[in-house]
Amino acid sequence: GKGMLGAVCMALAAIALLFSVSAQRAQAEPSWQTVETISPIVDEYVDPPQIAVDDGGNVVAVWRAGLGSTTNKLYAAYRPAGGDWQEAQPISVEGSDNPRVAVSAGGTAVAVWQSSNNVIESSTQTLGGAWSTPETLSYSGSNAENPSVAVGDAGDVAVGWILKNNSAVQAI
């Protein structure tokens, strides 16, 4: 697409030895801009981000950060085409994992993840607005994990995940 392209990389905060999510962007004809830290610094770690870009060049990044498996939260940041990154916002409760994000041609972002009680949850954002309250997609107690998400040009959303029982895949 035309306009700005988004890319996100992991950057090691050398003095504190902490990870943060940083972003860099390029013009349509590659020319990388200055790296920007878009995650709040946390006490232990940040996982690699998931990135989605719409047809207009708007970028959404979603990642997991926290102190351990029970304190993980998911964060999301939005950058309008040609603009600056907005402040990262938490989009899940503690204990969330495996975030994925997709964005429609019109700019509606959909994030999905595995919650602490092994159900799949989702939240949406329209062109830099507030993220919606998380919605549970899988059945409670279903032992669901590893979601994926895709959004079509017309805004149709498809979400898939694995159901496990005793470490065996039951359904996809």
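Residues numbered from 1 in each chain as written. Predicted model: local features only at pLDDT ≥ 70, side-chain atom pairs only at ≥ 80, totals over all residues. Heavy atoms only, no water.

### Remarks on the overall build of the chain
For clarity, the threshold we go by: Secondary structure elements are taken from DSSP: a helix is a run of H or I of four residues or more, a strand is a run of E of two residues or more, and numbering for both begins at the N terminus. Note on exposure labels: buried denotes an accessible area under 20% of the residue type's maximum, exposed denotes more than 50%, and partly exposed covers the range between, all computed with a 1.4 Å probe on protein chains only. Here, residues are in contact when the closest pair of their heavy atoms is within 4.5 Å. The accessible surface values rely on the Shrake-Rupley method and a 1.4 Å probe; as for residues, cover is taken only from the protein chains in view.
A tally of regular secondary structure across the chain gives 0 helices and 15 strands. Burial statistics for the chain: of 172 residues in total, 41% are counted as buried. In the chain, the share of contacts with a sequence separation of at least 24, taken over all contacts with a separation of at least 6, comes to 33%. When the accessible surface of the chain is split by element, carbon and sulfur atoms take 50% of a total near 8800 Å².

### Thoughts on the packing of aromatic side chains
Geometrically, a pair of aromatic rings is defined through the distance of the ring centres and the angle of the planes. Operational definition: Ring pairs shown here join Phe, Tyr and Trp side chains whose ring centres sit within 6.5 Å, with only the six-membered ring taken for Trp; geometry is labelled stacked below 30 degrees between planes, edge-to-face above 60, and tilted in between.
A complete count under the given rule lists 1 aromatic pair for this structure. Each ring, one from Trp63 and one from Tyr75, has its centre 6.4 Å from the other, and the planes form 20°; the classification is stacked. Of this pair, Trp63 sits in strand S6 (residues 59–66) while Tyr75 is found in strand S7 (residues 73–79), placing the two residues 12 residues apart along the sequence. Each member of the pair, Trp63 together with Tyr75, is buried.

### Examining the pairing of strand S13 (residues 144–151)
Heads up, the condition is: For two strands to be treated as a pair, DSSP must find at least two bridges joining them.
Judged from the 6 bridges that link them, S13 and strand S14 (residues 157–165) form a sheet pairing that is antiparallel. Looking at S14, one finds that Ser148 is bridged to Gly160. The antiparallel hairpin formed by S13 and S14 contains 5 residues in its connecting segment, where Gly155 sits at a positive phi of about 95°.

### Some words on the pairing of strand S9 (residues 97–103)
Burial runs high along S9: 5 of the 7 residues are buried. Here S9 pairs with strand S10 (residues 108–114) via 5 bridges, running antiparallel. Bridge pairing links Val103 to Ala109 in S10. Hairpin connection of S9 to S10: 4 residues between the antiparallel strands, including Gly107 at a positive phi of 100°.

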